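Survey of secondary and tertiary structure
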Amino acid sequence: MNILEKIIAFKHIEVAEKSSLVPVKLLEQSIYFQSKVVSMKKYVADPEKTGIIAEFKRKSPSKGAINVTASIEKTSIGYMQAGASALSVLTDKEFFGGSIEDLKMARKFNFCPILRKDFIVDEYQILESKSIGADCILLIAAALDPKRLKELAAFAKSLGMEVLMEVHDAQELDESLNEHLDLVGINNRSLKTFEVDLKTSFDLVNSIPNEFVKISESGISKPETLVELKNAGFDGFLIGETFMKSSRPHQAAYNFMNEYRKLLRESKGLVLEK
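Treat the numbers as computed from the prediction; the structure is a model and nothing was measured.

Quick word on the nonpolar core
- Core analysis: the largest hydrophobic core is formed by 84 residues, its most contacted members being Ile52, Leu139, Phe237 and Phe243.
- With 6 residues, helix H12 (residues 249–273) is the largest single contributor of residues to this core.

Right, here's the structure in full:
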């Protein structure tokens, strides 16, 4: 059993427990349930913004503790002030040290698109996502067969939410694309081995139809890499560990985004000169 299989097996147990404790009727009474979502697709693709989806992540199965003391309030506000287009919040507790309270707190202090980063296997989790203030959910192609992924994406859309589908290779992309998706992410980190290879993004970017917002995820540690990915055709970038491993994630994000803007301006200048 690889780590992804362990996580998915755990999620099915977790959903059964949660749904018996907190019924759907209760989720639907949340103040966020009837609220209109903030469009991640629109914010990430906005040329006036950085395209960066800044992630709040306390730990991971591959790296262990990354930053267990960071404040979600201070970090999420700082990310947005630094120029992030959107937020991603890990809500898995068992493997990533997150919680739905983290996302609720991020929602309380920020008007921006928020991605619930978790391993979604059931409609109940999507209802829960809406009830805690998420605008967008993540569906992982490696964790769901294409038919099930399409069903969950359609259910999210019926609630007015947006969907980011994550793939790791060409086969997943070909098999799992469907009309209910808004954003397609290429994860450079294998969820089976946790090895990172940015070549995955460069190899697959042109295989994503242009109707979807294109996201490169994981392993992005330098602003220079962002410029290369942008020029290759990506609209957005999911970055967490690069910021979170700093004792002041919001400051790391500010420095990174300032450098990225500068390099992007310079690269455009070079293109214009040619």
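Quick notes on the packing of aromatic side chains
- In this structure the tally under the stated criterion is 5 aromatic pairs.
- Pairing Tyr79 with Phe243 gives two aromatic rings, centres 5.6 Å apart and planes at 55°, and the pair type is tilted. With Tyr79 in helix H4 (residues 72–82) and Phe243 in helix H11 (residues 241–244), this residue pair connects regions lying 164 residues apart in the sequence. Assigned by exposure class, Tyr79 and Phe243 land together as buried.
- Ring plane angle 75° and centroid distance 6.1 Å describe the contact between Phe237 and Tyr260, whose orientation is recorded as edge-to-face. With Phe237 in strand S10 (residues 236–239) and Tyr260 in helix H12, this residue pair connects regions lying 23 residues apart in the sequence.
- Members of the aromatic cluster, joined through ring pairs, are Tyr79, Phe243 and Phe256.

With respect to the pattern of salt bridges
- On inspection of all chains with the given rule, the structure shows 19 salt bridges.
- The salt bridge partner of Glu241 is Lys57, with a shortest N-O separation of 3.9 Å. With Glu241 in helix H11 and Lys57 in the loop between strand S1 (52–56) and strand S2 (59–60), this pair connects stretches of sequence that are 184 residues apart. Both residues of the pair, Glu241 and Lys57, belong to the buried class.
- Residues joined by salt bridges that share partners form a network here, namely Lys11, Glu14, Lys18, Asp92, Arg116, Asp118 and Glu128.

With respect to helix H6 (residues 123–131)
- Within H6, 8 of the 9 residues are buried, which leaves it mostly tucked inside the rest of the structure.
- Among the residues of H6, Tyr124, Gln125, Ile126, Leu127, Glu128, Ser129, Lys130 and Ser131 are the ones counted as buried.
- At its buried positions, H6 is contacted by helix H1 (3–21), helix H2 (24–27), helix H5 (100–109), strand S5 (114–117), strand S6 (136–140) and helix H7 (146–158).
- Remark: Gly133 follows H6 within two positions and exhibits a positive phi of approximately 100°.

Quick look at the sheet that holds S1
- Within the closed barrel, the 8 strands sit side by side as S1-S4-S5-S6-S7-S8-S9-S10. Their pairing is parallel. With strand direction ignored, the average angle separating the axes of adjacent strands in the sheet is 25°.
- Where strand S4 (residues 86–90) meets S5, 4 bridges bridge the pair, whose relative direction is parallel. Bridge pairing in S5 links Ser88 to Leu115.
- Along the sheet, H5 makes contact with S1, S4 and S5, crossing S5 at roughly 175°.

As for the pairing of S10
- Every second residue of S10 is oriented toward a common face, with Gly236 and Leu238 on one face and Phe237 and Ile239 on the other, all of them buried.
- Across 3 bridges, S1 lies against S10 in parallel orientation. Residue pairing in the sheet places Ile52 in a bridge with Phe237 of S10.
- In this region the chain leaves strand S9 (residues 213–217), passes through helix H10 (residues 223–232) and returns to the parallel neighbour S10; the handedness of that crossover is right-handed.

Definitions and limits used
- Residues numbered from 1 in each chain as written.
- Predicted model: local features only at pLDDT ≥ 70, side-chain atom pairs only at ≥ 80, totals over all residues.
- Heavy atoms only, no water.
- Core = buried A, V, L, I, M, F, W, Y, C linked by side-chain atoms within 4.5 Å.
- Buried < 20%, exposed > 50% of the residue type's maximum accessible area, 1.4 Å probe, protein only.
- Helix = DSSP H or I, 4+ residues; strand = E, 2+ residues; numbered from the N terminus.
- Phe/Tyr/Trp six-rings, centres within 6.5 Å; stacked < 30°, edge-to-face > 60°.
- Salt bridge = Lys/Arg side-chain N within 4 Å of Asp/Glu carboxyl O.
- Contact = heavy atoms within 4.5 Å.
- Pairing = 2+ DSSP bridges.
- Axes fitted to C-alpha atoms, helices over the stretch in contact; angles between N-to-C directions.
- Right-handed = clockwise from strand over helix to strand, strands pointing away.

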